[in-house]
Amino acid sequence: MSQVLPDVRETRTDPGGVPPGLGLERSDIAFAVNGAAVSVNVPPLRRLSLVLRDELHLTGTKVGCDAGDCGACTVLVDGDPVCACLMPAASVAGTAVTTVEGLANDRLSALQSSFLAHGAAQCGICTPALLVAATALLEKKPSPTETEVQDALGGILCRCTGYRKIIAAVMNAEQFSNAGAAPHPPAGTFSPYRNGEKGRTPMLATPSPRFSRGEGKGEGQRQHQSLDLALDRRMPASGKAVGSSPIRLDGVPKVTGDEKFGGDSFPADALAVLVVRSPHYHAGFVFGDLDDWAKSHPGVVGVFTAADIPGKNCFGVIGPFADQPALAEGFARLRGEAVALVAGEREAILDLDLSDFPIRWTELPHVLHVGEAQAEGAVLIHDNRPANLLTKGFVERGDPEAALANAAVTVSGAIDTSYVEHAYIEPEAGHAYMDGDTLVVVACTQAPYMDRDDTAKVLGLAVDKVRIVPTATGGGFGSKLDVSLQPLIGLVALKTGRPAALAYTRNESMMSTTKRHPAEMKATIGADTDGHVTGMIFTGDFNTGPYASWGPTVANRVPVHASGPYATPNYRAEGRAIHTHGPISGAFRGFGVPQATIMQETLYDELAGKLGVDRLDFRLKNCLRNGSETVTGQRLESGVGIAECLEALRPHWRRATADADAFNTTHADIKRGVGLASCWYGCGNTSLPNPSTIRVGIAASGDVILHQGAVDIGQGSNTVITQICADALGLPLEKFRLKSADTAISPDAGKTSASRQTFVTGKAAEKAGRALRETILRFANVSEKASLQLDGLTIVIGEGEATRRIDLASLDVDADGFVFRAEETYDPPTLPLDAKGQGKPYAVYGYGAQIAELEVDLKLGTVKLIRITAAHDVGKAINPLLVEGQIEGGIAQGIGMALMEEYIPGRTENLHDYLIPTIGDVPPIETILVEVPDPEGPFGAKGLGEHVLIPTAPAILNAIRHATGVLVTKIPATPTRIRAAIREKEARP
């Protein structure tokens, strides 16, 4: 009997569970949108979100869940915020609807200007909803309190920012109103503004870089000119770009709704695609008559299975381990695994019910936990991987057994962590089409060149016959490194000759994409009587799911980092990636290091307690310093900033612990705790090539064209890398024009992961900028001390009292339109690890430490966060405002990992049952930027994106133990688990 479970293929339905248009006649529905009268002819129960996006092309209204859980589709109906995905079109007849596109009215609103000034938009997918809801609040409360802002925006989820800058932007918006809102220029350009110290007054400034994404048919081609808004308090006296905080170059379209994400630019004639997925963890399947089924459903153009794949039906981010089929063949190893595609006309697919799809399932034995997978006789998930072991990583130095045996004090522990869902607000979305004999895929991604190579392999195409054009990406955090829909929509476009479009539902996104690895860890650490760590042994089993994904990276990175940023002369660590039939585990902000750090940092607290020393002093005594050797034997000559981070926290530590002591003397049922944790993280790939290439040139038009192929998923690489190149070249930021990632036109800047873009691509941009400068100076026959200016079509070169001019119009132009050009590649100098894990795995490390202050209700087990103080060594803060935003966003994800986020297959496959922090869950965050430059990084900069999440969870767990006397050893530390630990403690004799 054919079956597809309802939660495996969510048919889009209108409120009340009625598929859009199914059995319903269309009606004319008249209402006003952004002050203009409109009339649409749609089924009355069609979602308002679909009407706005598909009928009126107002794609600023985003779709993140179709269930009212994320709030991304928030619009105003007669001035009140509503979730457009829950409102039938018939309900808005005669009303006035306001979307984000209606907020500017040819001038950026005060609120939009405030969002830009505060860095309140990162990826930007939730920004329109936040702006709309906040606009309604400000109409009633022009000067809201923080609590009022949290109440008004509490139904809208943001996964990037950590909410703190959003709160500040709303609370301070009135200052922009008093000064007059910023003009919103015609489509295609945006006039820049600068913030003054007094009242954040917007004022005109010189034009700043335009930003273009994509140049091919159908991918929403556009150019934007951003605001060049730099906070004066962060502008160096030199006027240099590096160290300043100009408004992010892609910022304006994020606040106006013009930004185009994966699902925002589907061609009108595109076939819609549905994916049939396995309802079982492990099952065999056979198809019935697919052709007959397709013919019996009007509007269905075709059904495609693995038999239709022309290339090698196997992909994977790490070539030697590639093992995942684009469409399963004969049996599925994963709940949610794709087994077939249904393509058809959009209206037919909207109405399509897949319950009669001709497929018969036979459930097979499955294992979900590493213990089951390792048990004797367990079903093998891959025949060539005995005991379901994918791979393991290993680091050994000295004699750890002897060190522990001779230690004055030792501590041991075991901690388990859970699956964590990335929960980006933008589900996977994109479209594909044929441009002659070239397949073009336009989709959200973190790794366009990797997407190109895997898509070409699966579809049997030459690499140069596949072009990947990244859209704006509404959050990624690692999961959008793996291909998802790219080969699927590519297959449909290739087979039908028509564009094909697909947007995952929230359910199938959460079911089928990668998660953070659950870990089962054990460790023992010893110290001598002076409080110096003498040895450590760590083992960790990481549930990697049925396919490799980034499992090998996690297994290899964890042993390198499990010591923390501390001198550990005798050490052994092993990380194992083990297959199960659970969700695929992949990359997620830290590649296993956050899990290992929980194990290590909680033991450090226990060790400090046994030694009777202050927890911060214990860490300072043992931390790495210049000249230290790591557990891999790498000598760190310079740039080690962990001691500076810990010292920066000392006054906050003293104040916080004193506050907790005072509080606890007067409270019985609620106790306050303070926790501390540190981190280090190697930037880039582990002991592997990791190059980025940047191209920059002077065009005949007088513009500086920067081919910036590092995908910006909200972290700010578009802006930061341009700032680096501008200062290396010696020309102001506003002269630059960006060409974003596109495999047809931009050099490969590598994947956006491993905290590598600022460091690796930034270094390539620095090299390219300097090389272009040298080319121009050599042409003019002047020394390196000369200054450059661009004056229209003339380069003006000053050296001492002399001035020379180069007329661009008089020079030859190359095929790319350049008069002068440079292209440079940077690959960090690393060395392989030997059999004992000794070597130089990374060229640059970043460091950080955080303090968490919280209260625990001993009767309920609930946790109230009070404050988090974070000190991070970034080498050089290229853009301090963006650095702060990364720190706050990483901390918010660390809070989720520590206290609430636990993905359970089959139970938490939506944003209602899976909890991520809301605007009310993130406490005030104090950021301390530490700058200990590393000579290898551009202008001394180090990576940051992953470091900022790593210390948060262990700091919180240490604070809970400080408050309660118990350590929760199964993460997240939910109220139930905290109460159970307290009860167990109370029951001890």
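Residues numbered from 1 in each chain as written. Predicted model: local features only at pLDDT ≥ 70, side-chain atom pairs only at ≥ 80, totals over all residues. Heavy atoms only, no water.

## Observations regarding the packing of aromatic side chains
Point 1. Inspection of every chain in the model, using the stated rule, returns 13 aromatic pairs.
Point 2. Ring geometry for W550 and F591: centres 5.6 Å apart, planes at 70 degrees, overall edge-to-face. Here F591 lies in the loop between β26 (570–578) and α16 (593–611) and W550 lies in the loop between β25 (533–543) and α15 (551–561), a separation of 41 residues in the sequence.
Point 3. A residue is classified by how much of its surface remains accessible, and F591, at 4% relative accessible area, is buried.
Point 4. Centre to centre, the rings of Y903 and Y914 are 6.4 Å apart; their planes meet at 55 degrees, and the pair counts as tilted. Highlighted residues: Y903 in the loop between α21 (880–899) and β37 (925–930) and Y914 in the loop between α21 and β37, separated in sequence by eleven residues.
Point 5. Owing to a relative accessible area of 3%, Y903 belongs among the buried residues under this scheme.
Point 6. Taken together through their ring pairs, the aromatic side chains of F285, F287, W293, F357 and W361 make up a single cluster.
Point 7. One residue, K515, lies across the ring of Y903, its end atom 4.7 Å from the ring centre. (Phe/Tyr/Trp six-rings, centres within 6.5 Å; stacked < 30°, edge-to-face > 60°. Helix = DSSP H or I, 4+ residues; strand = E, 2+ residues; numbered from the N terminus. Buried < 20%, exposed > 50% of the residue type's maximum accessible area, 1.4 Å probe, protein only. Lys NZ or Arg CZ within 6 Å of the ring centre and 35° of its normal.)

## Comments concerning the packing of helix α4 (residues 146–153) against helix α5 (residues 164–171)
Point 1. α5 packs onto α4 with a crossing angle of 110 degrees between their chain directions and a minimal axis gap of 10 Å. By the criterion of interaxial angle, the relationship of α4 to α5 is roughly perpendicular. Viewed along their axes, α4 and α5 form a crossing whose handedness is right-handed. For the pair α4 and α5, the contacting residues are E146, V149, Q150 and L153 in the first and R164, I166, I167, V170 and M171 in the second.
Point 2. Partitioning the contact of α4 with α5 into residue classes produces six nonpolar, one polar and two charged. (Axes fitted to C-alpha atoms, helices over the stretch in contact; angles between N-to-C directions. Parallel < 35°, antiparallel > 145°, perpendicular 65-115°, else oblique. Left-handed = near helix turned anticlockwise from the far one by under 90°. Contact = heavy atoms within 4.5 Å. Nonpolar A, V, L, I, M, F, W, Y, C, P; charged D, E, K, R; others polar.)

## Some details on the sheet that holds strand β32 (residues 794–799)
To summarise the sheet geometry, strands pair through backbone hydrogen bonds and adopt either a parallel or an antiparallel arrangement.
Point 1. Taken in spatial order, the three strands of this open sheet run β31-β32-β33, and their pairing is antiparallel. The sheet is open, and its two edges are formed by β31 (787–791) and β33 (802–807), each paired on a single side. Taking the axes of each pair of neighbouring strands and ignoring which way they run, one obtains an average angle of 25 degrees across the sheet.
Point 2. Pairing geometry for β32 and β33, over six bridges, is antiparallel. What sits directly across from V796, in β33, is R805. (Pairing = 2+ DSSP bridges.)

## Structural notes on the confidence of the model for the protein
Point 1. On average, residues of the protein score 92 in pLDDT, and 91% of them reach the 70 mark or higher.
Point 2. Across residues 185–208, confidence stays below pLDDT 50; counting only partners more than four residues off in sequence or on other chains, it has 73 contacts.
Point 3. Below pLDDT 50 for its whole length, residues 214–235 participates in 106 contacts with residues either more than four positions away or in separate chains. (pLDDT = per-residue confidence, 0-100.)

## Digging into the sheet that holds strand β15 (residues 359–363)
Point 1. Taken in spatial order, the three strands line up as β13-β11-β15 in an open sheet, and their pairing is antiparallel. At either end of the open sheet lies a strand with only one pairing partner, and these are β13 (331–332) and β15.
Point 2. As paired elements, strand β11 (residues 283–287) and β13 share two bridges and run antiparallel to each other. By the bridge assignment, A283 is partnered in β13 with A332.

## Brief notes about unusual backbone geometry
One can expect most non-glycine residues to show negative phi and most peptide bonds to be in trans.
Point 1. A cis amide bond links I971 with the next residue in sequence, P972, at an omega value of 15 degrees.
Point 2. In this structure, Y163 is a non-glycine residue whose phi angle is positive, near 75 degrees.
Point 3. Position of Y163 relative to the elements: it lies in the loop between α4 and α5.
Point 4. The phi angle at F591 is positive, at roughly 50 degrees, despite the residue not being glycine.

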